[in-house]
Every structure is written in structure tokens, then in C-alpha cells.
Amino acid sequence: MTPHRGARAARVAALLAGMALACAAAASPESPEAIARFLERHWADPVAPQGNPPARFSALEASLDPAACGQCHPQQLQDWRSSLHARTVGPGILWQFHLMGQESANECMRCHAPLAEQKSLLALERGWAHAPATPPPRYVPPDLHRGGLVCAACHVRRHTRFGPPPLPGTPRSVDASRPHAGFSATAAFQDSRFCSACHQFPADGKRVNGKLLENTYEEWRESPAAKQGRSCQSCHMPERRHLWRGIHDATMTRRALEISLEVGNGGRGHTWARARLANVGAGHHFPTYLVPEIVAVLALVDASGAIRSELKRHVIGRRVDIRLSGELADTRIAAGGHAMLEASFATPPSKDWRVELRVHVHPAAHYERVFRDALERQLRLPPEALALLRQALAQAEASGYELERVSRPIPRR
């Protein structure tokens, strides 16, 4: 669950204040100012209900079900199903809803499942006092609230479809002869500010040790990627693919890092080792958020690959306590920065021993600690919530992977 408060409108306003986008002349339809106004409307908090669909819409055209979108957009549906956006509502957040009231849950849903229809379905499921008095309309699938950040969360407002400008050679956007009358095109979908609605806390948002818990957009603005004109979408949606790969994906993570290992003879029976991990690919801190941790270990290994001596261990991440009240460490690597691991040790007698750098990624490290603490404290949870909590912990633990293993021989005189 993303721990934050505040309206999306406040988030957008805070971002605009720092961008110096004022313009004396009238803004063109695709000017930065026009895009900012579109985003303020698009991510208004709360997102308004869709209302009644146009009479000409078929049931398929009106549906908010991602599977309905996939009838014409199969590649996008397939990509989305493989992404974390399709799993923003899972055991890790569902068990917590048993401890929350409707207002607190809606704060989480603002990013995890922002549609009004999704919030209504959750209220009906939980039996909250402010749940709708009538069943949801036909265009709302009964499990939409568990679908996470569904297609409609980004692309549909009041039954109008929105998307980026068409690529050359593709049909024009607004066309009454096409399904749901085509779509309304805007360059906002290619702008990093589109992502900031959820990936940037407002200036008055939750802070620990004076730093916002979610500051990805501002990190990007200060990065080489922003200066080179590379948007969030250029990395996380290459060729408009709906992939949104991040630190859970080994290939994406490896692109962010440049890893090197040197080993040399230090004289007088000693050897030195130096490892360097540089953030050359991520357009923000590595990692950007407080949940993941990367553990780098320099070690002496024998001929079988077993670790005989751990020389140096370095954890990369931002660790805060489970109640988000204090920061324990912040060793993240800023875009363009690097971390070093260095060690000097007695040269082992065996010629078969080597120095290895092992890099392991724990994408859900903070959640693992939170979930274990909840289980240890034996919160008063109903059996359904307890089962969800255990499932969430198992999923968090299983998300870890070894990113890289670099081995070097020990030089001899």
C-alpha cells in the first residue's frame, strides 16, 4: 500500500508551482500549460463516476472490464496483465482493509484502484456505511475493484476514451464510425507529469527525516534523463508497450546498473578488492522508493563456490521503521551516482579461491518487515484477513532474486 494523504489536485498544483510554466501568450492546445490543465482535470480527486454511457454504445463499448478493451487491443491487455499495475490490489493491501474504515481505504485506492466504481465495489464488499444503495451498472464488472490500475483508470473519463496522439499511419483519434467513437488524443500521455499523479507526493505530503516518502518525479527532474528529454514512459513504456517494468524485473534492473569488480595484489601477503555499482540507467534514485533493497556482498569463495569469508556487505535502499516514523538509513544511489565496496585481506593460500561480488535484489523488503511484524503481534484479524496476510508475506519473500554474480581470480606475484 502506498502510504500517503492529500488530493491529486494538490499533487498536480504542487508540481506545477515548481515548473515555472506561466506564459503570457495564449496557450496552444498542446502547450505545457494545456497539458497541465488536462492533467488537473484527468486526475481530479476523487475521479468522478462514469455516469450513463452514450445510448449508441454497445455493452462491449461501455464496459470498464480490461478484457473488453483487449478485444481490440490484445497486445496492450497482454502487457498490462504481466505488469504490476494489474496487481496493485492484492493480498498485501486487501488484508489491511480489514483494519481500515472506508475513508482510509479510499486514500489507498486513490492510486491502487482510483475509479469511483472500484471504490463503490469495495464499499459493497466490506459492508461500509456509505456503500451505494443500488447494484453497480452493467458496464461495471463485479470484480473491477480487485483489478488494480485497470485500463479505464488512465484512459476513460465519463465514457470518453483518452490516449496519446496517434502514430503515423494509424487512424485519426476522434471518429464516430469507430468503436466508442475513437478517442481524444493528448500529449499528456507522453508527459512524465502524467505518472506523477501517483509517483510523487505533494510538498505537504508524508515526510520522514524531512524527505517525502514518494519523490520519484522530482528525482527524475533533477536527473540526466530529464535533461536529455527522456520521459518516464520512454523507459517504462518503450514503444508504448504497457509493461511498466521496474525493480521486480531483473532485466530492467540490470539496465539501471553498471557493475564492475577489480582485484589486485596489495603486497606483503595482502590482496585488495574494489567493486563499483553505478546508477547509469535509472532516471531517478536507485531504488526510488522505500520498499526495495539491494544487497551487495564482496566475498572470498572456494573452488566449489562456497563463501569462505564475507569481506564487505552494502545495502542500497532507504530503510524506515515499519510505522513510517523514523528513517534508519538512506543509501540509495542518485541518477549518475555510484556506490563503492572496498576490502583488503590476507591473501589465501589456495590458488583456487576467488573474489566474488554478489548482488541480490529484495523488491519488497519493507513489506516483508511489515507483514512479519503483523504476524508476530498476532493482530485480531478474521481468518480471511490472516490468510491474505500470510499470502502477502509469501509473495513478498518470493519476489527476491540474484541480479548479478561477478567473479575475479586472486592475482599472485
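Residues numbered from 1 in each chain as written. Predicted model: local features only at pLDDT ≥ 70, side-chain atom pairs only at ≥ 80, totals over all residues. Heavy atoms only, no water.

Got a sec to walk through the sheet that holds strand β6 (residues 257-267)? Specific residues and values, please.
The three strands lie next to each other as β6-β7-β11, forming an open sheet whose pairing is antiparallel. Each edge of the open sheet is held by one strand with a lone partner, namely β6 and β11 (338-346). Averaged over all pairs of adjacent strands, the angle between strand axes in this sheet comes to 15°, irrespective of strand direction. As paired strands, β6 and strand β7 (residues 270-279) are joined by 10 bridges and run antiparallel to one another. From the neighbouring strand, Asn-265 faces β7, where its bridge partner is Thr-271. (Pairing = 2+ DSSP bridges. Helix = DSSP H or I, 4+ residues; strand = E, 2+ residues; numbered from the N terminus. Axes fitted to C-alpha atoms, helices over the stretch in contact; angles between N-to-C directions.)

A description of the pairing of strand β2 (residues 160-163) should follow, citing residues and the corresponding values.
Direction of pairing for strand β1 (residues 156-157) relative to β2: antiparallel, over a ladder of two bridges. Bridge pairing links Arg-157 to Thr-160 in β2. Hairpin connection from β1 to β2: two residues lie between these consecutive antiparallel strands, with Arg-158 at a positive phi of about 50°. Pairing of β2 with strand β3 (residues 184-185) involves two bridges; the strand directions are parallel. Bridged to Phe-162 within β3 is Ser-184.

How would you summarise the sheet that holds β2 if you had to cite specific residues and measurements?
Ordered in space as β1-β2-β3, the three strands form an open sheet in which the pairing is mixed. Looking at strand neighbours, the two that pair on one side only are β1 and β3, the edges of this open sheet.

Report on the packing of helix α7 (residues 102-112) against helix α8 (residues 116-126), specifying residues and quantitative values.
Across the interface, α7 lies against α8 with an axial gap of 11 Å and an inter-helix angle of 145°. Crossing of α7 against α8: the hand is right-handed. Contacts between α7 and α8 pair Gln-102, Ala-105, Asn-106, Met-109 and Arg-110 from the former with Gln-118, Lys-119, Leu-122 and Ala-123 from the latter. Among the residues forming the contact of α7 with α8, the class breakdown is four nonpolar, three polar and two charged. (Left-handed = near helix turned anticlockwise from the far one by under 90°. Contact = heavy atoms within 4.5 Å. Nonpolar A, V, L, I, M, F, W, Y, C, P; charged D, E, K, R; others polar.)

Give me the pattern of salt bridges: which residues, what numbers.
Counted by the stated rule, this structure contains 24 salt bridges. One salt bridge connects Glu-107 with Arg-110, and the closest N-O pair in it is separated by 2.6 Å. On the criterion of helical spacing, the pair formed by Glu-107 and Arg-110 is a turn pair, its members being three residues apart in helix α7. Among the ionic pairs, Arg-146 bridges to Glu-125, the shortest N-O distance being 3.0 Å. Residue Arg-146 is found in the loop between α8 and α9 (151-155), and its partner Glu-125 is found in helix α8; the two are separated by 21 residues along the sequence. Taking the relative accessible area as the measure of exposure, Glu-125 reaches 38% and is therefore partly exposed. The network of salt bridges with shared partners includes Lys-211, Glu-219, Arg-318, Glu-327, Asp-330 and Arg-332. (Salt bridge = Lys/Arg side-chain N within 4 Å of Asp/Glu carboxyl O. Buried < 20%, exposed > 50% of the residue type's maximum accessible area, 1.4 Å probe, protein only.)

Outline helix α5 (residues 74-81), listing residues and values.
Where α5 is concerned, the buried positions are Leu-77, Asp-79 and Trp-80. Across the axial projection of α5, the buried residues extend over an arc of 165°, all falling on one side. Exposed and facing more than 90 degrees away from the buried side of α5 are Pro-74, Gln-78 and Arg-81. Next to the buried residues of α5 lie α4 (66-69). (Arc of directions from axis to C-beta.)

Break down the environment of Val-89 for me, citing the residues and quoting the values.
With respect to the helices and strands, Val-89 occurs in the loop between α5 and α6 (91-97). Those residues within four positions of Val-89 in sequence are excluded, and the remaining contacts are Leu-94, His-112, Ala-113, His-145, Arg-146 and Gly-148.

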